[in-house]
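# Examination of the molecular architecture
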Amino acid sequence: MQRYFLDQPFNEQRQVAIGGDDYKHIVKVMRMTPGQEILTVYDGEASVAMIDSISEDIVTVSQQRQLDKDNELPISVTIACGLPKGDKLDLITQKSTELGMSRLIPFAASRSIVKWDAKKGDKRIERLQKIAKEAAEQSHRNRVPEILSVQSVKQLIMYTDSFDIKLFADEEDAKSDMPHKIADRLKNVYHGQSIVVVFGPEGGLAREEAALLQDAGFLPVSLGPRILRTETAPLYVLSAMSYEFE
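With that out of the way, let us pick up the overall build of the chain. Within the chain, the regular secondary structure consists of 8 helices and 11 strands. Across its three principal directions, the C-alpha atoms of the chain cover 65 × 40 × 30 Å. Looking at the chain as a whole, 47% of its 246 residues are labelled buried. Taking the intrachain contacts of the chain between residues at least 6 apart in sequence as the baseline, contacts between residues at least 24 apart amount to 73%. With an accessible surface of roughly 13,000 Å², the chain has 48% of that area assigned to carbon and sulfur atoms. Where the 31 positive side-chain charges of the chain centre and where its 37 negative ones centre are 5 Å apart.

Structure below.
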């Protein structure tokens, strides 16, 4: 059953109108008709809904029953990525959403080759939010990850100040005689906590950035003996978290 995230809750008559891109998907792509059922999600709560009517730009559906199953990770995971080249952030957004990410923070790292101006940045964030929504629907999530605007390292540190657990992927830590393995770091994480993990762009984090993070309470973590691409590292960590907590 196709899943759609609602912009508004069901009204007193247990009905809601669906428009925009979701309307086009229901009518033009899925070619659905009145009487068929879809899955809807609003504010983390999923329901089975039946299509009542289809107009020129609105699909009206009525709530049939609520679903109790929650498909979210039992911890809130924020992924912070140094701006990578090309469309790598699209891939990170899509796959990290499928793996349970709660939030994505792109940040301008000193080794980031690409630079986003305000106009370009707004369009890219809008695109990433759409990718996250589609991936959340496909993977039957109950919530769509939030995509924040591009931040500096200092802004990232300020934003995550109140998080329970703060980590950063560190290649230098991985090369040390006693690396801090992800499994060991996750032993101190419990259900319901918030965690942020910072990843550098191609070339990794500069040592000055690593020092700033450590001064702010971030702990270095090794992702194994192999060097992972910038788009692979977040998926590695999220997979480890799924194994540990699900």
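Two strands in a sheet stick together by hydrogen bonds in their backbones, pointing the same way (parallel) or opposite ways (antiparallel). Here 6 strands make up an open sheet; going across it, the order is 8-7-6-10-9-11 and the pairing parallel. Where the open sheet ends on each side, the last strands, each with one partner, are strand 8 (146-147) and strand 11 (219-221). Along the sheet face, helix 2 (residues 88-98) touches strand 6 (76-82), strand 7 (103-107) and strand 8 and points at about 160° away from the line of strand 7. Here helix 8 (residues 233-245) sits on the sheet in contact with strand 6 and strand 10 (194-199), set at roughly 155° to strand 10.

With that settled, consider the pattern of salt bridges. Under the definition given, this model contains 12 salt bridges. For R141, the salt bridge identified is with E72, shortest N-O distance 2.8 Å. Of this pair, R141 sits in the loop between helix 3 (118-138) and strand 8 while E72 sits in the loop between strand 5 (59-67) and strand 6; the two residues are 69 residues apart in sequence, bridging distant segments of the chain. The class for E72 is buried, based on a relative accessible area of 17%. The partner of R127 in a salt bridge is D90, and the shortest N-O contact between them spans 2.7 Å.

Two elements in contact, helix 2 and helix 8, have axes whose closest approach is 10 Å; the angle formed by their N-to-C orientations is 5°. With respect to helix 8, the axis of helix 2 lies roughly parallel. Taken together, the residues of helix 8 that come into contact with helix 2 (itself represented by I92, K95 and S96) are P234, L235 and L238. Along the lines of polarity and charge, the residues of the contact of helix 2 with helix 8 split into 4 nonpolar, 1 polar and 1 charged.

What counts and what doesn't
Residues numbered from 1 in each chain as written. Predicted model: local features only at pLDDT ≥ 70, side-chain atom pairs only at ≥ 80, totals over all residues. Heavy atoms only, no water. Helix = DSSP H or I, 4+ residues; strand = E, 2+ residues; numbered from the N terminus. Buried < 20%, exposed > 50% of the residue type's maximum accessible area, 1.4 Å probe, protein only. Contact = heavy atoms within 4.5 Å. Areas by Shrake-Rupley, 256 points an atom, 1.4 Å probe, with all protein chains shown as cover. Lys, Arg positive; Asp, Glu negative; His and termini not counted. Charge placed at Lys NZ, Arg CZ, Asp CG, Glu CD. Pairing = 2+ DSSP bridges. Axes fitted to C-alpha atoms, helices over the stretch in contact; angles between N-to-C directions. Salt bridge = Lys/Arg side-chain N within 4 Å of Asp/Glu carboxyl O. Parallel < 35°, antiparallel > 145°, perpendicular 65-115°, else oblique. Nonpolar A, V, L, I, M, F, W, Y, C, P; charged D, E, K, R; others polar.

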